[in-house]
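Here are the chains, one letter per residue:
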Amino acid sequence: MSLENDLRSRADNKCELCGATEDLAAVAVGPESDDSAEKSILVCSTCSAQMGGTAELDVNHWRCLNESAWSTEPAVQVTAWRLLNKLSGEAWARDLLDTLYLDEETLEWAQSGRRLQRMKTLSSTRTRTVQCFQLVIRSPSSKT
Ligand SMILES: [Zn+2]
């Protein structure tokens, strides 16, 4: 319970993403979340449902990131950065991503959840690409 209290005092009893004051709860910011306030954010049920994938992303709701992405809390920055990447079909979200500055450590944290997944898909595509190249290179030389 003290985690939520810590977050509530940090966030001034408001959703750290959209500023709502109802239905607030602590959400861990992964992938290696402990139960510390540094790796958690206080969000409302609207935000957490969309973050967790139980509700569809409502583009207009996330315009709140125009403000909250500038939070000084790394956990909020990381969450905003990840959401903006999901919303990168929107011009304003891309613009905001371009102007945001995350320090190296925070950026690594923001990317770390996706990296594991991407490495898996990358390695299988890469193998295929390499095999294709070899075929292309080999076939003319084998004729001569
Ligand atoms: Zn919210």
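Residues numbered from 1 in each chain as written. Predicted model: local features only at pLDDT ≥ 70, side-chain atom pairs only at ≥ 80, totals over all residues. Heavy atoms only, no water.

K.L.:
Would you mind going over the coordination of the zinc ion with me for this structure?
P.N.:
Six octahedrally arranged donors around a metal ideally form angles of 90 or 180 degrees; four tetrahedrally arranged donors ideally form angles of 109.5 degrees. Those protein atoms acting as donors to the zinc ion are C15 (SG), C18 (SG), C44 (SG) and C47 (SG), and they sit at 2.3 Å. In primary sequence terms, the donor set of the zinc ion follows C-x2-C-x25-C-x2-C. Separated by 29 residues along the polypeptide, C18 in the loop between α1 (2-11) and β1 (25-28) and C47 in helix α2 (residues 45-52) bring together distant segments of the chain. A relative accessible area of 26% means that C18 is categorised as partly exposed. Judged by relative accessible area, which is 0%, C47 ranks as buried. (Donors = N, O, S within 2.8 Å, 3.2 Å for Na, K, Ca; no water. Helix = DSSP H or I, 4+ residues; strand = E, 2+ residues; numbered from the N terminus. Buried < 20%, exposed > 50% of the residue type's maximum accessible area, 1.4 Å probe, protein only.)

K.L.:
What is the right way to read the pattern of salt bridges from this model?
P.N.:
Once the charged atoms of two side chains with opposite charge are near each other, the side chains can pair. Taken as a whole and judged by the stated rule, the model has three salt bridges. Linking E4 and R8 is a salt bridge whose minimum nitrogen-to-oxygen distance equals 3.1 Å. Placement of both E4 and R8 in helix α1 is noted, with a separation of four residues, approximately one turn of the helix. Residue R8 is classed as partly exposed on the basis of its relative accessible area, which comes to 26%. As a salt-bridge pair, E73 and R10 come within 3.3 Å of each other at their nearest N and O atoms. With E73 in the loop between α3 (65-68) and α4 (74-86) and R10 in helix α1, this residue pair connects regions lying 63 residues apart in the sequence. For R10, a relative accessible area of 26% translates into the label partly exposed. A single salt-bridge network, built from bridges that share partners, covers R10, E16 and E73. (Salt bridge = Lys/Arg side-chain N within 4 Å of Asp/Glu carboxyl O.)

K.L.:
What should I look at first to understand unusual backbone geometry in this one?
P.N.:
Excluding glycine, residues mostly carry a negative phi; peptide bonds, for their part, are mostly trans. The omega torsion across G30 and P31 is 5 degrees, close enough to zero to call that bond cis. With respect to the element layout, P31 can be found in the loop between β1 and β2 (40-43). Here D12, not a glycine, exhibits a phi torsion of approximately 60 degrees, which is positive. Summarising the element assignment, D12 is placed in the loop between α1 and β1. With a relative accessible area of 53%, D12 lands in the exposed category. Located in the positive-phi region is D23, a residue other than glycine, with phi close to 50 degrees. Looking at the element boundaries, D23 is found in the loop between α1 and β1.

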